[in-house]
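Spelled out, the chains give:
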Amino acid sequence: MADKLKDAKIIFVVGGPGSGKGTQCAMMVKKYGFTHLSSGDLLRTEVASGSERGKQLQAIMQKGELVPLDTVLDMIKDAMIAKADVSKGFLIDGYPRELKQGEEFEKKIGKPCLLLYVDAKSETMVKRLLKRGETSGRSDDNEETIKKRLALYYKATEPVIAFYEKRGIVKKVDSELPVEEVFSQVAKAIDAL
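This write-up is about the structure you can find in this document. As the structure is a prediction and not an experimental result, all values here were calculated from the model.

### Points about the pairing of strand 3 (residues 90-93)
Burial along strand 3 is two-sided: Phe 90 and Ile 92 facing one way and Leu 91 and Asp 93 facing the other are all buried. Here strand 1 (residues 10-14) runs beside strand 3; their pairing, made up of four bridges, is parallel. Each residue of the ladder has a partner; that of Ile 11, found in strand 3, is Leu 91. Where strand 2 (residues 35-38) lies against strand 3, four bridges are found, and the strand directions are parallel. Its bridge partner being in strand 3, Leu 37 is matched across the sheet by Ile 92.

### Observations concerning the layout of surface pockets
Reported here for the largest pocket is a volume of approximately 1600 Å³. Lining the largest pocket are 43 residues, and of these Ser 39, Gly 40, Arg 44, Gly 94 and Arg 97 lie nearest its centre. Looking at the lining of the largest pocket, the elements with two or more residues in it are helix 1 (21-32), strand 2, helix 2 (39-49), helix 4 (69-83), helix 5 (99-108), helix 6 (122-136) and helix 7 (143-167). Per-element tally for the lining of the largest pocket: the top contributor is helix 7, with seven residues. Of the residues belonging to the lining of the largest pocket, the class tally is 15 nonpolar, 14 polar and 14 charged.

### Quick word on the packing of aromatic side chains
This structure, assessed with the given rule, holds six aromatic pairs. Aromatic pair Phe 12 and Phe 105: ring centres 5.0 Å apart, planes at 80°, arrangement edge-to-face. Of this pair, Phe 12 sits in strand 1 while Phe 105 sits in helix 5, and the two are 93 residues apart along the sequence. By relative accessible area, Phe 12 is classed as buried at 0%. Owing to a relative accessible area of 0%, Phe 105 belongs among the buried residues under this scheme. Between the aromatic rings of Tyr 95 and Phe 105, the centroid separation amounts to 6.1 Å while the plane-to-plane angle is 50°, which identifies the pairing as tilted. Of this pair, Tyr 95 sits in the loop between strand 3 and helix 5 while Phe 105 sits in helix 5, and the two are 10 residues apart along the sequence. As far as burial versus exposure is concerned, Tyr 95 and Phe 105 are alike and both buried.

### Some details on the sheet that holds strand 5 (residues 170-174)
Where strands meet in a sheet, backbone hydrogen bonds hold them as pairs that are either parallel or antiparallel. On the basis of which strands lie adjacent, the open sheet formed by five strands has the order 2-3-1-4-5 and parallel pairing. Edge positions in the sheet fall to strand 2 and strand 5, since each has one partner strand and no second. Strand-to-strand twist of the sheet, defined as the mean angle between neighbouring strand axes without regard to direction, takes the value 25°. Sheet topology places strand 1 next to strand 4 (residues 114-119); four bridges connect them, and they run parallel. Paired with Val 13 across the two strands is Leu 116, which belongs to strand 4. Set on the sheet, helix 7 makes contact with strand 1, strand 4 and strand 5; between it and strand 4 the angle comes to about 140°. Against the sheet, helix 8 (residues 179-191) contacts strand 1, strand 4 and strand 5, and its axis sits at roughly 165° relative to strand 5.

### Considerations on helix 3 (residues 52-62)
Among all positions of helix 3, only Gly 54, Leu 57 and Ile 60 are buried. Each buried residue of helix 3 lies within a common arc of 125° when the element is viewed along its axis, so the set occupies one face. Of the exposed residues in helix 3, those oriented more than 90 degrees away from the buried face are Glu 52, Gln 56 and Gln 62. The elements touched by buried residues of helix 3 are helix 2 and helix 4. Phi turns positive one or two residues past the end of helix 3, at Gly 64, with a value near 75°.

Analysis parameters
Residues numbered from 1 in each chain as written. Predicted model: local features only at pLDDT ≥ 70, side-chain atom pairs only at ≥ 80, totals over all residues. Heavy atoms only, no water. Buried < 20%, exposed > 50% of the residue type's maximum accessible area, 1.4 Å probe, protein only. Helix = DSSP H or I, 4+ residues; strand = E, 2+ residues; numbered from the N terminus. Pairing = 2+ DSSP bridges. 1 Å grid on protein atoms, 1.4 Å probe; cavity = no way out; pocket = protein on both sides within 12 Å on 5 of 7 lines; lining within 4 Å. Points joined across faces, edges and corners; volume = space filled by probe spheres on them. Nonpolar A, V, L, I, M, F, W, Y, C, P; charged D, E, K, R; others polar. Phe/Tyr/Trp six-rings, centres within 6.5 Å; stacked < 30°, edge-to-face > 60°. Axes fitted to C-alpha atoms, helices over the stretch in contact; angles between N-to-C directions. Contact = heavy atoms within 4.5 Å. Arc of directions from axis to C-beta.

These results come straight from atomic positions and should not be treated as a statement about function.
Okay, here's the thing in C-alpha cells:
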C-alpha cells in the first residue's frame, strides 16, 4: 500500500496560528489539485465518526493529553493512501510540530520536497486570531491564550525549520502581504519543484 505514495509530492506547510496558512492551503488545493491534510482536522473527523479509534482519541484529548505520534502518522498515512490515485500532491498542514515528528514521517511515509513556511509577525497573528475570536466563538481565541500558543509554536518549530533549511527545501513566504501576493510567492515555489 505504502508504495502508492512512493513518488507523491509532499509539502509540509508550517506557520503559526493565524499566519494565514489555511487560506494559502485552500488556494493551493484549487490551483494545483493537491490534497490538504491537517492533523487537527483528521483527529476531529475521526472523533466525530464515533469509530473505535475515535473513541480512544476522544478519551486522550479530553484528558488534555497529546495523541501519540504513531496514531497521528497512521491517520495521515491512511488519508494519503485513500487519495493517492486522484491527488496531485499532499499539503501536510501543521505538521511536523517538532523534529522527531518529521523524522518519523519520513521513515513511515516519505520525504517532503518542500517545507513552505508561512511567516507573519507575532503581533499580526495575535490581531488576526482576536478578530477570528469575535466571530468564531472559540474560547482559545483570547489574547493570553494566543500568546501562549505562539510561544509554544515558536519553541517547537524553530528546530524543524532549521533542520529542513540544511536540506535546502525551505521556502519562506511573507504573509504580512495581501493574500494574492502571498499566493504568488507560494505558486513560484511550487512551480519550481
